[in-house]
Amino acid sequence: MSATGTPATMRADARRNRQLLIAAALAAFTEHGADDASLDEIARRAGVGIGTLYRHFPNRQALLEAVYRDQVEDLCAAARDRAAAATPAQALENWLRDLMAFAATKRNLTSSIMSVPEGRRSEVALSCSAMVRDAADGLLAQAQRSGEIRPDVDAIDLLRLSHALAVASEMPSGHADQQERLLKVLLDGLRAPEPGAAAG
């Protein structure tokens with residue numbers, strides 16, 4: 001099994017069909033909601049038969065988990081790219097924007113994945129949560145070592161604050177740039193105080 005959840009021995013045409021189905025499902029889930037999108041429509045969008053869909057994904061939950069994992073892997077890859085391309089604090093800020101975009105466009109996907117009872121929560125959901133936490137932890141630790149970000153924040157704090165910000169950004173506001181304004185407040189709170197600054 002590859003990191004993406006695709007069997008390593010899968011034929012090239014089957015692998016291509018699987019990726020087409022994941023892309024089509026993401027589009028359908030985004031438009032109609034993860035619980036309401038038609039599996040027949042997803043198969044049509046992917047250009048395959050419904051039988052092909054069921055060979056790869058025996059039920060809606062399996063397809064949902066594959067789409068979610070694919071998106072989380074992209075988000076974690078972005079964390080690595082950000083870390084290589086900017087200063088630690090800037091990399092963290094850039095990735096928080098990636099995280100906010102993920103939260104805004106994948107909310108119904110995340111809700112469906114996480115809505116099952118805790119005791120039945122899938123291995124995919126748990127592993128994806130761990131992947132995002134590790135990505136956040138890596139970027140945060142680098143920024144803290146650089147002295148730019150306060151040392152008393154951990155990855156869980158960061159993810160919970162980002163989640164709260166994403167929810168708040170969806171509420172009616174008189175500001176067209178509500179999400180960016182709130183993100184700037186969060187970033188200001190994360191920055192380490194200047195040496196010699198008075199405690200407030």
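Predicted, not measured: the structure shown is a model, and the values here were computed from it.

A. How the structure looks around the packing of helix H4 (residues 60-85) against helix H7 (residues 123-145). Across the interface, H4 lies against H7 with an axial gap of 10 Å and an inter-helix angle of 10°. Classified by the angle between their axes, H4 and H7 sit roughly parallel to one another. Judged by residue contacts, Glu65, Tyr68, Arg69, Val72, Glu73, Leu75, Cys76, Ala79 and Ala83 of H4 engage Val124, Ser127, Cys128, Met131, Val132, Ala135, Leu139 and Gln142 from H7. Within the contact of H4 with H7, the residues separate by chemical class into 12 nonpolar, two polar and three charged.

B. Quick look at the packing of aromatic side chains. Throughout the structure, instances matching the rule amount to one aromatic pair. Arranged with centres 6.3 Å apart and planes meeting at 45°, the rings of Tyr68 and Phe102 form a pair that is tilted. Taken together, the positions of Tyr68 in helix H4 and Phe102 in helix H5 (residues 88-105) put the pair 34 residues apart, joining distant regions of the chain. No difference in accessibility class separates Tyr68 from Phe102, as the two residues are buried.

C. Quick peek at the pattern of salt bridges. Tallied over the entire structure, the rule returns nine salt bridges. Where Glu41 meets Arg45, a salt bridge forms, and the shortest distance between an N and an O atom there is 2.9 Å. In this pair, Glu41 and Arg45 are both assigned in helix H2 (residues 39-46), four residues apart and thus about one turn of the helix distant. For Arg45, a relative accessible area of 34% puts it in the partly exposed group.

Calculation notes
Residues numbered from 1 in each chain as written. Predicted model: local features only at pLDDT ≥ 70, side-chain atom pairs only at ≥ 80, totals over all residues. Heavy atoms only, no water. Axes fitted to C-alpha atoms, helices over the stretch in contact; angles between N-to-C directions. Helix = DSSP H or I, 4+ residues; strand = E, 2+ residues; numbered from the N terminus. Parallel < 35°, antiparallel > 145°, perpendicular 65-115°, else oblique. Contact = heavy atoms within 4.5 Å. Nonpolar A, V, L, I, M, F, W, Y, C, P; charged D, E, K, R; others polar. Phe/Tyr/Trp six-rings, centres within 6.5 Å; stacked < 30°, edge-to-face > 60°. Buried < 20%, exposed > 50% of the residue type's maximum accessible area, 1.4 Å probe, protein only. Salt bridge = Lys/Arg side-chain N within 4 Å of Asp/Glu carboxyl O.

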